[in-house]
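Chain residues, written in single-letter form:
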Amino acid sequence: SQQGEEDPQALSIQEGENATMNCSYKTSINNLQWYRQNSGRGLVHLILIRSNEREKHSGRLRVTLDTSKKSSSLLITASRAADTASYFCATDGNAGNNRKLIWGLGTSLAVNP
Amino acid sequence: NAGVTQTPKFQVLKTGQSMTLQCAQDMNHEYMSWYRQDPGMGLRLIHYSVGAGITDQGEVPNGYNVSRSTTEDFPLRLLSAAPSQTSVYFCASSYSQPQIYGYTFGSGTRLTVV
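So, a few notes on the structure that sits alongside this text.

Cut-offs applied
- Residues numbered from 1 in each chain as written.
- Chains lettered and ligands numbered in written order.
- Predicted model: local features only at pLDDT ≥ 70, side-chain atom pairs only at ≥ 80, totals over all residues.
- Heavy atoms only, no water.
- Helix = DSSP H or I, 4+ residues; strand = E, 2+ residues; numbered from the N terminus.
- Rg over C-alpha atoms; globule rule 2.2 N^0.38 Å.
- Buried < 20%, exposed > 50% of the residue type's maximum accessible area, 1.4 Å probe, protein only.
- Contact = heavy atoms within 4.5 Å.
- Lys, Arg positive; Asp, Glu negative; His and termini not counted.
- Charge placed at Lys NZ, Arg CZ, Asp CG, Glu CD.
- Areas by Shrake-Rupley, 256 points an atom, 1.4 Å probe, with all protein chains shown as cover.
- 1 Å grid on protein atoms, 1.4 Å probe; cavity = no way out; pocket = protein on both sides within 12 Å on 5 of 7 lines; lining within 4 Å.
- Points joined across faces, edges and corners; volume = space filled by probe spheres on them.
- Nonpolar A, V, L, I, M, F, W, Y, C, P; charged D, E, K, R; others polar.
- Polar contact = N/O pair within 3.5 Å; in protein donor to acceptor, adjacent residues only side chain to side chain.
- Pairing = 2+ DSSP bridges.
- Axes fitted to C-alpha atoms, helices over the stretch in contact; angles between N-to-C directions.
- Buried area = accessible area lost by both parts, 1.4 Å probe.
- Salt bridge = Lys/Arg side-chain N within 4 Å of Asp/Glu carboxyl O.
- Core = buried A, V, L, I, M, F, W, Y, C linked by side-chain atoms within 4.5 Å.

For chain B, the count of helices and strands is one helix and eleven strands. Beginning at the N terminus, the succession of helices and strands in chain B can be written as β-β-β-β-β-β-β-β-β-α-β-β. Relative to a compact globule of 114 residues, whose C-alpha radius of gyration would be 13 Å, chain B shows 13 Å and is just as compact. Summarising its shape, the C-alpha atoms of chain B cover approximately 35 × 30 × 25 Å along the three principal directions. Residues classed as buried in chain B amount to 50% of the 114 residues present. Across chain B, contacts joining residues at least 24 apart in sequence account for 54% of those joining residues at least 6 apart. Side chains of chain B carry 7 positive and 7 negative charges; the gap between the two charge centres is 13 Å.

Structure, rendered in structure tokens:
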């Protein structure tokens, strides 16, 4: 079952602009992760944010988490053509030792040069 | 450091044929998983393993078998291929708990069953 729902499904921006995508989830969580998938490739882990964190940065990436709204956002600043990819969120669903992740369907980002 | 290696990258099978998708990791990761990715369905967990000799079913295990005889290898066997198994298959590994450490993914195997 899919817990995370990314929004929007697709996003097209110009190089240099910022890109924001959102992830909503249904149950309480311990952690939320964001991954990137370039066309025809495997997923790459970008960042993990814990439920007691509100914001986290990694290079041009900024992730926020609002547990009261059960939502997270991923901001990519000063986007580049190489950022063109699909972005997925994954949560643990507060599953304790379950170790399984619950995946969203992804946001497809196109950065136009 | 190769990470997670999947072979083959592409495969075409006829209905009823069997085959094994290979997955190997060189990071001494304890946890390994197989996912399939289909348009509009996202990633679905097929089988996973928390260590050598231990495997368990995910969301969509029917038609697939796995074994984990070593820490490094986690092959996925299709017993009798069906067109519904046409998909992209990803192997992923994690140090211990993927919800804490995140996954390292392989580059995928694109399987077509005709």
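Below, the discussion takes up the overall build of chain A. Scanning chain A from terminus to terminus reveals zero helices and eleven strands. Going from the N terminus to the C terminus, chain A shows its helices and strands as β-β-β-β-β-β-β-β-β-β-β. Radius of gyration (C-alpha) of chain A: 13 Å, near the 13 Å computed for a compact globule of 113 residues. Across its three principal axes, chain A shows a C-alpha extent of roughly 45 × 30 × 20 Å. Restricting the contact set of chain A to residue pairs at least 6 apart, pairs at least 24 apart contribute 56%. Split by element, the accessible area of chain A, about 5300 Å² in all, is 44% carbon and sulfur. Across chain A, the 13 positively charged side chains and the 10 negatively charged ones have centroids separated by 7 Å.

Attention shifts here to the layout of surface pockets. By volume, the largest pocket is sized at about 560 Å³. As for the largest pocket, its lining consists of 28 residues, of which Gln37 of chain A together with Gln37, Val88, Phe90 and Arg110 of chain B are closest to the centre. At the level of secondary structure, the elements contributing two or more residues to the lining of the largest pocket comprise β9 (85-91) and β11 (107-112) of chain A together with β4 (31-38), β9 (87-94) and β11 (109-113) of chain B. For the lining of the largest pocket, the element with the most residues is β9 of chain B, which contributes three residues. The residue makeup of the lining of the largest pocket, split by class, is seven nonpolar, 17 polar and four charged.

In this section: the side chain of glutamine 6 of chain B. All names here are of chain B. If you trace the backbone, glutamine 6 turns up in strand β1 (residues 4-7). A distance of 3.0 Å separates the side chain of glutamine 6 from the backbone oxygen of tyrosine 89, its partner in a polar contact. Once residues within four sequence positions are removed from consideration, glutamine 6 is found in contact with Gln22, Trp34, Tyr89, Phe90, Cys91, Gly106, Ser107, Gly108 and Thr109.

A word on the sheet that holds strand β7 (residues 64-66) of chain B. Residue and element names in this part refer to chain B. Strand order in the open sheet formed by four strands is β1-β3-β8-β7, and the pairing between neighbours is antiparallel. Unpaired on one side and paired on the other, β1 and β7 mark the two borders of the sheet. The mean inter-strand angle of the sheet, taken between neighbouring strand axes irrespective of direction, is 20°. Here four bridges tie β1 to strand β3 (residues 19-25), and the two strands are oriented antiparallel to one another. Residue pairing for β3: glutamine 6 is matched across the bridge by cysteine 23.

Turning our attention to the interface of chain A and chain B. In this complex, chain A contributes 22 residues to the contact, which on the side of chain B involves 24 residues. Together chain A and chain B conceal approximately 1800 Å² of surface at their shared face, both sides included; 50% is due to carbon and sulfur atoms. Along the contact surface separating chain A from chain B lie zero salt bridges. Broken down by secondary-structure element, the contributors of at least two residues to the side of chain A that touches chain B are β4 (31-37) and β5 (43-50) of chain A.

Another point: the nonpolar core. Counting residues in each nonpolar core, the largest one holds 21 residues, and the members touching the most others are Met21, Leu32, Trp34, Leu74, Ile76, Tyr87 and Leu109 of chain A. Elements represented by at least two residues in this core include exactly β3 (19-24), β4, β5, β7 (61-66), β8 (71-76), β9 and β11 of chain A. The contact partners of leucine 74 of chain A, leaving out residues within four places of it in the chain, are Ala19, Thr20, Met21, Trp34, Leu46, Leu61, Arg62, Val63 and Tyr87 of chain A. The next biggest cluster of nonpolar side chains, apart from the first, holds 18 residues, and it includes Leu13, Met19, Leu76 and Tyr89 of chain B.

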